[in-house]
Amino acid sequence: MKDVAASAGVALKTVSRVVNGERGVNAVTAERVRSAIERLGYRRDESARGLRGGRTSSVGLVIEDVADPFYSGVSRAVEDVALGYGSLLLSGSSGEDPRRERELVLTFCSRRVDGLIIVPAGADHEYLRPELDAGTPAVFADRPGGLDADTVICDNAGGACAGVTHLLRYGHRRVAFIGDSASIFTAAERLRGYRRALAEAGLPADESLIATGPPERAGAALARMLTAQAPPTALFTGNGRVTLAVLRTGQRLPMVGFDDFELADLLVPGVSVVAQDPAGLGRTAAELLFRRIQGDPGPAEHVELPTRLIPRGSGELPPP
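Nothing here was measured: the structure is a model prediction, and the numbers come from that model. Per chain, the residues get numbers from 1 upward, laid out in the order the sequence is written. It should be noted that, the model being predicted, local features are given only for residues of pLDDT at least 70 and side-chain atom pairs only at 80 or more, the latter also being counted only at that level, while totals for whole chains, interfaces and linings use all residues. No hydrogens and no water enter the side-chain calculation; it runs on all heavy atoms of the structure.

1. Concerning the overall build of the protein
Comment: elements are numbered from the N terminus, with helices defined as DSSP H or I runs of at least four residues and strands as E runs of at least two. Each helix and strand in the protein was counted, giving 12 helices and 12 strands. Computed over its C-alpha atoms, the radius of gyration of the protein comes to 26 Å, more than 25% above the 20 Å expected for a compact globule of 320 residues. With respect to the principal axes defined by its C-alpha atoms, the protein has extents near 90 × 40 × 30 Å. For the protein, buried positions account for 48% of its 320 residues. Carbon and sulfur atoms make up 51% of the accessible area of the protein, which amounts to about 15,800 Å² in all. Charged residues are defined narrowly, with Lys and Arg counted positive, Asp and Glu counted negative, and His plus the chain ends left uncounted. Lys charges are placed at NZ, Arg charges at CZ, Asp charges at CG and Glu charges at CD. Computing the positive centroid from 37 side-chain charges and the negative centroid from 40, the protein places the two 5 Å apart. Restricting the calculation to C-alpha atoms gives the radius of gyration, and the globule rule supplies 2.2 Å times the number of residues raised to the power 0.38. Note on exposure labels: buried denotes an accessible area under 20% of the residue type's maximum, exposed denotes more than 50%, and partly exposed covers the range between, all computed with a 1.4 Å probe on protein chains only. Here the Shrake-Rupley method, with its probe set to 1.4 Å, supplies the accessible areas, and only the displayed protein chains count as covering residues.

The structure is reproduced here in structure tokens:
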């Protein structure tokens, strides 16, 4: 700033006023200062400015996997909201590892982010309590955390129940379920919704038609079910990666999948899905976080967003 002031022939305070958009500088002088800034390549030290104001104008986001289309949609929505508030988004992937989640969160906190959005990889978040007590707000997204904090999730059980009920309405009585690891909150909730739909239809849950685990095992699970004495006539898949793994096997069972995915409408038949709104999830979590950053002292909020059934053909096929 001293170099800019010397080059423009003005006082240091005048440069500060122009940089910060304050009044009190005539147009000719302000233009001279801006020209000097451009010529010298001056950039304001945002970190120092933030520390003086008690904020760093940054927020941290921990998701499961940035390569997952669902979480990339969440991340983009959070980033858009953050930019609207003049904040930078720092993000990282936990890979479903609670230790890595903890390391990322505490690294963000060491950088003095103004707030956190966390997709929990585990159930124990006592490590976060000192940060919350120190005034750093946090929002759990997609899954509840281990503390009573703001939480934004989707109606996983209700969406799965609707998808399975849809298959039952087309005459299916042996509907299989292939989902992610049951230790994951969303996977467990979708399995609960599957069981609920069968119970409401008066049908028993055949455990041989239920498989949970990493998505890469979905193909083998389906093959085992189809070679059984009483194979399923329809399938409900627990997330987009499981759906894609099933489609890669070449089997075209009547199916509804949880999570929409790109090109689902271009396959023949189109893939019927229970769609979440990843952008809505990210946006809701981010808006809630910035309310807390700006001083909202209200009690923890727990928001559940609805899902939407999209029939495209694969879920509307009758039993063979």
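2. Focus on the nonpolar core
Within the largest apolar cluster, 39 residues are counted, with the highest numbers of intra-cluster contacts made by Val-164, Ile-178, Tyr-194, Leu-235, Phe-236 and Val-246. It is helix H8 (residues 156-169) that contributes the most residues to this core, 5 residues altogether. Excluding residues that lie within four positions of it along the chain, Val-246 makes contacts with Ile-178, Ala-218, Leu-222, Leu-235, Thr-237, Gln-251 and Met-255. Side-chain atoms within 4.5 Å are what join buried Ala, Val, Leu, Ile, Met, Phe, Trp, Tyr and Cys residues into a set we call a nonpolar core. Counting 24 residues, the second largest nonpolar core, distinct from the first, contains Val-59, Val-81, Ala-82 and Ala-141. Residue contacts follow a heavy-atom distance rule, with two residues in contact if any of their heavy atoms lie within 4.5 Å.

3. Considerations on the domain arrangement of the protein
Throughout the structure description, domain borders are defined by an automatic or database domain assignment. The domain architecture assigned to the protein consists of domain 1 (2-44), domain 2 (55-154 + 278-305) and domain 3 (156-275). One C-alpha centre belongs to domain 1, the other to domain 2, and the line joining them spans 38 Å.

4. Looking at the state of the cysteines
What we call a disulfide is simply a covalent bond connecting the sulfur atoms of a pair of cysteines. Any two cysteine sulfur atoms lying within 2.5 Å of each other are counted as a disulfide. What the rule picks out here adds up to 0 disulfides. Lacking any disulfide linkage, Cys-154 is separated from the closest cysteine sulfur, that of Cys-161, by 16 Å.

5. What to know about H8
The first and last C-alpha atoms of H8 sit 20 Å apart over 14 residues, in line with the 20 Å expected at 1.5 Å per residue. Among the 14 residues of H8, 12 are classified as buried, and the element is accordingly described as predominantly covered. Restricting attention to buried positions, one finds in H8 the residues Asn-156, Ala-157, Gly-158, Gly-159, Ala-160, Cys-161, Gly-163, Val-164, Thr-165, His-166, Leu-167 and Leu-168. Polar contact is defined as a pair of N or O atoms within 3.5 Å, subject to the rule that within protein one atom must be able to donate a hydrogen and the other to accept it, and that residues adjacent in sequence are counted only when both atoms are side-chain atoms. Sitting at the amino-terminal end of H8 is Asp-155, which places a side-chain oxygen 2.9 Å from the backbone nitrogen of Gly-158. Multiplying 1.5 Å by the residue count of a helix minus one yields the expected span of that helix.

6. So, the environment of Gly-41
In this structure, Gly-41 sits in the loop between helix H3 (27-40) and helix H4 (46-53). The spatial distance from the C-alpha of Gly-41 to the C-alpha of Val-246 is 54 Å, given a sequence separation of 205 residues.

7. Brief notes about the pairing of strand S5 (residues 150-154)
In terms of residue burial, S5 counts as a mostly covered element, since 5 of its 5 residues are buried. With burial as the criterion, each face of S5 is covered, one bearing Asp-150, Val-152 and Cys-154 and the other bearing Thr-151 and Ile-153. Only strands joined by at least two bridges in the DSSP assignment are considered to pair. Two elements, S5 and strand S11 (residues 302-305), share 4 bridges in a ladder whose sense is parallel. Across the sheet, Ile-153 pairs through a bridge with Glu-304, a residue of S11.

8. A word on the sheet that holds S11
Spatially, 6 strands are ordered S2-S1-S3-S4-S5-S11 in an open sheet, and the strand pairing comes out parallel. In the strand order of this sheet, the two ends are held by strand S2 (88-93) and S11, each with one partner. Within this sheet the neighbouring strands show an average axis-to-axis angle of 15 degrees, counted without direction. Note: strand S1 (residues 58-63) against S2, 6 bridges, orientation parallel. Across the sheet, Ile-63 pairs through a bridge with Ser-93, a residue of S2. Here, axes are lines fitted to C-alpha atoms. For helices the fit covers the stretch in contact, and angles between N-to-C directions go from 0 to 180 degrees. Helix-sheet contacts for helix H5 (residues 69-84) involve S1, S2 and strand S3 (115-118), and the interaxial angle to S1 is about 170 degrees.

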